Every structure is written in structure tokens, then in C-alpha cells.
Amino acid sequence: MIAQLTGTLLESTPASVVVDVQGVGYEVLTPLSTQEKLPPPMGKVTLHTSLVVREDAVTLYGFLTRREKRLFETIIGSVKGFGPRMALAVLSAMPLEALFQAIAQEDLKTLSRINGVGKKSAAQLVLDMKGRLEEFGGSASPVPPPGGSASSAPGSLPPQAQDAVKALETLGYRHEDARRAVEALLAEAPDSELSSSSLIRRALARFRG
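As the structure is a prediction and not an experimental result, all values here were calculated from the model.

1. Focus: the pattern of salt bridges
Then, number 1: Counting across every chain of the model gives six salt bridges.
Then, number 2: The salt bridge partner of lysine 130 is glutamate 106, with a shortest N-O separation of 2.7 Å. Of the two residues, lysine 130 sits in the loop between α6 (119–129) and α7 (159–170) while glutamate 106 sits in the loop between α4 (96–104) and α5 (108–111), which places them 24 residues apart along the sequence.
Then, number 3: On the basis of relative accessible area, lysine 130 is assigned to the partly exposed category, the value being 35%.
Then, number 4: The partner of glutamate 183 in a salt bridge is arginine 179, and the shortest N-O contact between them spans 2.8 Å. Placement of both glutamate 183 and arginine 179 in helix α8 (residues 175–188) is noted, with a separation of four residues, approximately one turn of the helix.
Then, number 5: For arginine 179, a relative accessible area of 25% translates into the label partly exposed.

2. Observations regarding the packing of α7 against helix α9 (residues 196–208)
Then, number 1: Running from amino to carboxyl end, α7 crosses α9 at an angle of 45°, the nearest separation of the two axes being 8 Å. Taken together, the axis directions place α7 and α9 in an arrangement best described as oblique. The handedness of the crossing between α7 and α9 is right-handed. Seen from α7, the contacting residues are Gln160, Ala161, Asp163, Ala164, Ala167 and Leu168; seen from α9, they are Ser196, Leu199, Ile200, Ala203, Leu204 and Phe207.
Then, number 2: For the contact of α7 with α9, the per-class residue count stands at nine nonpolar, two polar and one charged.

3. A few points about the nonpolar core
Side chains of a nonpolar character, in soluble globular proteins, are inclined to be buried together.
Then, number 1: The biggest cluster of nonpolar side chains holds 31 residues, and the ones touching the most others in it are Leu71, Phe72, Ile75, Phe82, Leu111, Ile114 and Met129.
Then, number 2: Sorting the residues of this core by element identifies β5 (58–63), α2 (66–78), α3 (84–93), α4 and α6 as the ones contributing at least two each.
Then, number 3: Sorting elements by how many residues they give to this core places α3 first, with seven residues.
Then, number 4: If we ignore the near neighbours within four places in the chain, the residues touching leucine 71 are Leu91, Leu96, Leu99, Phe100, Met129 and Phe136.
Then, number 5: One finds Leu168, Leu171, Tyr173 and Val182 within the second-largest nonpolar core, a separate group that totals 19 residues.

Scoring rules and cut-offs
Residues numbered from 1 in each chain as written. Predicted model: local features only at pLDDT ≥ 70, side-chain atom pairs only at ≥ 80, totals over all residues. Heavy atoms only, no water. Salt bridge = Lys/Arg side-chain N within 4 Å of Asp/Glu carboxyl O. Helix = DSSP H or I, 4+ residues; strand = E, 2+ residues; numbered from the N terminus. Buried < 20%, exposed > 50% of the residue type's maximum accessible area, 1.4 Å probe, protein only. Axes fitted to C-alpha atoms, helices over the stretch in contact; angles between N-to-C directions. Parallel < 35°, antiparallel > 145°, perpendicular 65-115°, else oblique. Left-handed = near helix turned anticlockwise from the far one by under 90°. Contact = heavy atoms within 4.5 Å. Nonpolar A, V, L, I, M, F, W, Y, C, P; charged D, E, K, R; others polar. Core = buried A, V, L, I, M, F, W, Y, C linked by side-chain atoms within 4.5 Å.

This is the structure in C-alpha cells:
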């Protein structure tokens, strides 16, 4: 079992990182909550990891906090029908406190907007997780409202926007929808330097709206 990695961050995409540990490069899938807090490339990083073994794949998932790791493992171990990909989507969809609030309030509308989670799956998430929220501590905070209306303009996207579109596609959104959302966000803030993680987070909020 690989429970933790400490090494040099060689590269990162909106969905994964490569960490060099004494000459061995480990590819680790990560949620947006971890991506947003990573150091720059070649910086030192410690990830709390969960190794998932399937018949056709051995995959390492990584998190900056033990809390995120425990939540991920609890979801895939306790929520019926939820595998690693859906658990990663849950952790990526909104801040943890907003997620806990939605579960505590049985807000199926909010939860069913998570990519890959329909109303039936949202109800299952509430059923299996509501009684376990105290294990993760903290009080729920309000869910931030989504951004403004979408508009799109053709043209080449900057690198961070291209990364954001690819990450949204990885989470299951159609390329056209992902690109349209990212382009709208860029149009709304033309003078600001939005990172790929910020674009992804805001695009997910827009989709939830």
C-alpha cells in the first residue's frame, strides 16, 4: 500500500500530477481541491495517497489533506454505486463545506448537478453519507452562486484555458460545452490572470447553475 508520497512535483495537469520520489515518477490523479494548492513545478510536495486496484488498472489517487483522502475512501467504500471516478468528481465539484451542507440538507438538486451524479445517485449519496458527516468535522457554509450568463467567441485559447477545457472533458462534459463555458469566463474577466484551476471551478459552478 502506498499511503503517502513526498517528492518533487515534475508536472501537473488539471486532473493529475507526476511526482518524482528518488528518481521514480509517480502519476497521481487528483481532485481540483488539491490542484488549486499545489506548489509550482519542481517544488516539493507531499500527497496523501490511496491506491485503487481493479482488474484492468492500478491507479494512485492523491490529496493534500488526510481529510480529503478519508472522504474519498469513505465514498468509494460506503456509497453504493460510487467508484473512484465519481468520488473524484464529488470532491472536485465544490468546496467540502458546501458539499457537507448539501448532504446534511438533503439538497438533491445541488448534488445531482455534480457531473455523473443523477437524482438517484444523489439520493444514495445522502443516504450513505449523512450519518457520517461528523467524522469529517466542520460546519457547512453556503454554496457560492454560479457566475453570469454564457457567451462564446471563436478563436485560440490561452494554455491555461486549453487545460481547463481538457479537464472538464475528463470529468465528462462535452467539448463544445466545456469550451463555451471557459470562453465565457475569459470574456467576463479579460484583464485578470485566471489559472486553469480557477477556470475549472468557475465553469463547474456555471454548469451547476
